[in-house]
Amino acid sequence: MKRHALSRRTLLKAASAFAPATLLGLGTLAGGTARAQPALKWANLTPGFTTLLTDYMVAKELDKANGLQLGKPTAYTAVTTYYNDFVAGNYDVCIGSWDTFASRHLSGVPLQYVCSVTTGNMINIITQAKGPETIQALKGKTLAAPQSTGTYRMMRAVVKDLAGIDLETHAVVQNVDNPAASVTLVMANRADAGLTWEPNVSVGLARVPDMRVLYNAGEEYRRRVNLDLPYFGVAVRKEAVARDPGLVARLNKAFGECIEGINSKTEEAVKIAGANSGIPPDVLKTAIASKRLEFKHVSMQTAEGRRSIVTASEFLVRNAALTKVVDNGFFAA
C-alpha cells in the first residue's frame with residue numbers, strides 16, 4: 001500500500017509539473033521544449049511571380065523548418081483587394097512593393113517591413129526594334145503606362161532624378177489598366193514605348209523577339225547611386241509580431257532560404273510554381289536568367305538593408321512620389 005501511494009504521489013507530482021507547459025502551449029521536441037507558434041495567414045497574387053515564393057516555401061517546408069505556421073496562402077487576382085485586405089488586417093504576411101508598404105505605414109497602418117526580395121531591375125520601358133534609341137528620344141512620342149500604380153511613380157521618379165526628364169511632360173503618356181496592356185500596345189504598334197515590369201517584359205520579348213528594353217530602372221539606379229533599387233519585399237502586421245516576438249527573425253530567415261533556393265535551383269522552383277504563376281515556365285526562367293527578375297534577399301535587421309530603403313525613400317520624396325522619408329518604426333527588427 002505504501003509503495004502504491006508513493007507511486008501515485010510521484011505520478012501526480014510529475015503531472016502537475018507538466019500541466020503549466022501544456023497550458024502555455026509548450027510541447028516536447030527532440031533536444032528540449034519549444035513553444036507552439038501561432039498560425040499565420042499570408043497571400044499571393046495570381047497570375048504573377050509571388051507564387052514562385054509562396055509555392056517554393058510551402059513545397060520545401062521552409063516555414064516549418066523555421067518555426068512558422070504559414071500554410072496555404074490565399075490567392076488574390078486583384079492588386080487593390082490584395083493590398084486592401086492586408087491593410088484591413090485580414091492576413092498577417094504580405095509580399096508587395098516596399099513603397100506601397102511605406103506609404104501605408106506613414107498613414108498609420110500597423111505594419112513593418114521585414115526584408116526585400118527583388119530589386120528594381122524588374123521595372124522597364126520597352127520599345128520595338130525601330131523605336132526610340134534613348135530615353136531622351138521619347139520626346140513627343142507615346143508611352144503606354146499604368147499611371148495608377150506605385151511602379152509608374154517609381155519609374156517616373158528615377159527618370160526625373162537620373163535623366164532630368166519628367167515622363168509626363170516629355171512624352172505623351174497613354175494610361176492603361178495593367179502592365180500587360182503596355183506590352184500589348186507596343187506589340188501592336190499603337191505606342192512607341194511601354195512601361196511595364198517582369199515577367200511581362202519577358203512575355204513580350206518571347207512573342208516579338210526584336211522588341212528590346214529601352215530603360216531599366218534598377219540598372220540605372222545602381223549605376224548612379226551605387227545601391228540596389230529595392231522593389232518587392234515582405235511586410236508583417238504589428239499585432240502578429242506582438243503575439244510572437246521572435247517572428248521577425250524567423251520570417252527573415254525563411255525568406256532568405258527561399259530566395260537562395262530559387263536562385264540556386266531555378267529549374268526546380270519554376271516547376272514547383274507550375275501553372276499557379278500563370279506564366280509559361282520558359283518565360284519565367286528567361287526573366288530570372290536575364291537578371292531583370294532579380295531575386296535578392298536584403299534583411300531590414302541589417303544597417304545595409306535599412307540604408308537601402310531610407311536612400312530610396314529620400315529619392316522618392318525628392319521627386320514627390322512619397323510624402324516623407326520612412327522612420328525607424330517602419331523596419332521590423
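Residues numbered from 1 in each chain as written. Predicted model: local features only at pLDDT ≥ 70, side-chain atom pairs only at ≥ 80, totals over all residues. Heavy atoms only, no water.

**Section: the packing of helix 8 (residues 179-187) against helix 9 (residues 200-207)**
We apply this condition: Each axis is a line fitted through C-alpha atoms, taken for helices only over the stretch in contact, and angles between the N-to-C directions span 0 to 180 degrees. In this text, helices come from DSSP runs of H or I with a minimum length of four residues, and strands from runs of E with a minimum of two, each type numbered from the N-terminal end. Angular relationships are summarised with four words: roughly parallel below 35 degrees, roughly antiparallel beyond 145, roughly perpendicular across 65 to 115, and oblique for the angles in between. We call a crossing left-handed when the near helix sits turned anticlockwise from the far one by less than a right angle, and right-handed when that turn is clockwise. The contact rule is simple, with two residues in contact once any of their heavy atoms fall within 4.5 Å. Asp, Glu, Lys and Arg are counted as charged, while Ala, Val, Leu, Ile, Met, Phe, Trp, Tyr, Cys and Pro are counted as nonpolar; the rest, among them Gly, fall into the polar class.
At their nearest, the axes of helix 8 and helix 9 sit 9 Å apart, and the two run at 25° to each other. Put simply, helix 8 runs roughly parallel to helix 9. Between helix 8 and helix 9 lies a crossing of right-handed hand. Judged by residue contacts, Pro-179, Ala-180, Val-183 and Met-187 of helix 8 engage Asn-200, Gly-204 and Arg-207 from helix 9. Within the contact of helix 8 with helix 9, the residues separate by chemical class into four nonpolar, two polar and one charged.

**What to know about the sheet that holds strand 10 (residues 193-197)**
Filter applied, for reference: Strand pairing requires that DSSP identify at least two bridges connecting the strands.
The sheet built from five strands is open, its strands ordered 9-8-10-7-11 with mixed pairing. Taken across any chain shown, the strands that pair with only one partner, and hence form the sheet edges, are strand 9 (172-175) and strand 11 (212-216). When strand polarity is set aside, the average angle formed by the axes of neighbouring strands in this sheet is 30°. Pairing between strand 7 (residues 123-127) and strand 11: four bridges, direction antiparallel. In the sheet register, Thr-127 faces strand 11, and the bridge partner there is Arg-212. Along the sheet, helix 8 makes contact with strand 7, strand 8 (142-145), strand 9 and strand 10, crossing strand 10 at roughly 150°. Helix 10 (residues 217-225) contacts strand 7 and strand 11 of the sheet and is inclined by roughly 40° relative to strand 11.

**Here we look at the environment of Phe-232**
Tracing the backbone shows Phe-232 in strand 12 (residues 232-237). Taking C-alpha positions, Phe-232 is 6.7 Å from Ile-95, a pair spaced 137 residues apart along the chain.

**So, the packing of aromatic side chains**
Quick note on the threshold: Side-chain rings of Phe, Tyr and Trp (the six-membered ring for Trp) are treated as a pair once their centres are within 6.5 Å; stacked means planes under 30 degrees apart, edge-to-face means over 60, and tilted covers the remaining angles. For the exposure calls, accessible area comes from a 1.4 Å probe over protein chains only, and a residue counts as buried if that area is under 20% of its type's maximum, exposed if over 50%, partly exposed in between.
Tallied over the full model, the rule gives 15 aromatic pairs. Between Trp-42 and Phe-255 the ring centres are 6.4 Å apart and the planes differ by 75°, which places this aromatic pair in the edge-to-face class. Taken together, the positions of Trp-42 in the loop between strand 2 (32-35) and strand 3 (43-45) and Phe-255 in helix 12 (residues 247-264) put the pair 213 residues apart, joining distant regions of the chain. Where Tyr-82 meets Tyr-91, the ring centres are 6.0 Å apart and the plane angle is 35°; that geometry is what we call tilted. When its relative accessible area of 2% is taken as the criterion, Tyr-91 is described as buried. Taken together, the ring pairs connect Tyr-76, Tyr-82, Tyr-83, Phe-86, Tyr-91, Phe-101, Tyr-113, Phe-330 and Phe-331 into an aromatic cluster.

**Observations regarding the pairing of strand 12**
Note on strand geometry: in a regular strand, side chains alternate between the two faces of the sheet. Of all six residues making up strand 12, six are buried, and the element is well covered by its neighbours. Note that strand 6 (residues 111-118) and strand 12 share five bridges and pair antiparallel. The residue of strand 12 that forms the bridge with Tyr-113 is Ala-235.

**As for the sheet that holds strand 12**
With antiparallel pairing, the four strands of this open sheet are ordered in space as 5-12-6-13. The open sheet has two edge strands, strand 5 (93-97) and strand 13 (295-299), and neither has a second partner. Each strand of the sheet is rotated relative to its neighbour by a mean of 30°, with strand direction disregarded. In this sheet, strand 13 lies alongside strand 6 in antiparallel orientation, the contact comprising three bridges. Bridge pairing in strand 13 links Thr-118 to Phe-295. Its contacts with the sheet place helix 5 (residues 98-106) against strand 5, strand 6 and strand 12, and it is angled at close to 110° to strand 5. Packed onto the sheet, helix 12 meets strand 5, strand 6, strand 12 and strand 13 and runs at close to 160° relative to strand 13.

**Looking at the side chain of Asn-44**
Among the secondary structure elements, Asn-44 is positioned in strand 3. Its relative accessible area of 4% is what places Asn-44 among the buried residues. The contact partners of Asn-44, leaving out residues within four places of it in the chain, are Thr-50, Thr-51, Thr-54, Asp-55, Pro-73, Thr-74, Ala-75, Tyr-76 and Tyr-82.

**Side note on the packing of helix 4 (residues 79-87) against helix 5**
With their axes 12 Å apart at the nearest point, helix 4 and helix 5 run at an angle of 40° to one another. The angle between helix 4 and helix 5 falls in the class oblique. Regarding helix 4 and helix 5, the two cross each other, and that crossing is right-handed. Facing Tyr-83, Phe-86 and Val-87 of helix 4, the residues of helix 5 in contact are Thr-100, Phe-101 and Arg-104. Among the residues forming the contact of helix 4 with helix 5, the class breakdown is four nonpolar, one polar and one charged.

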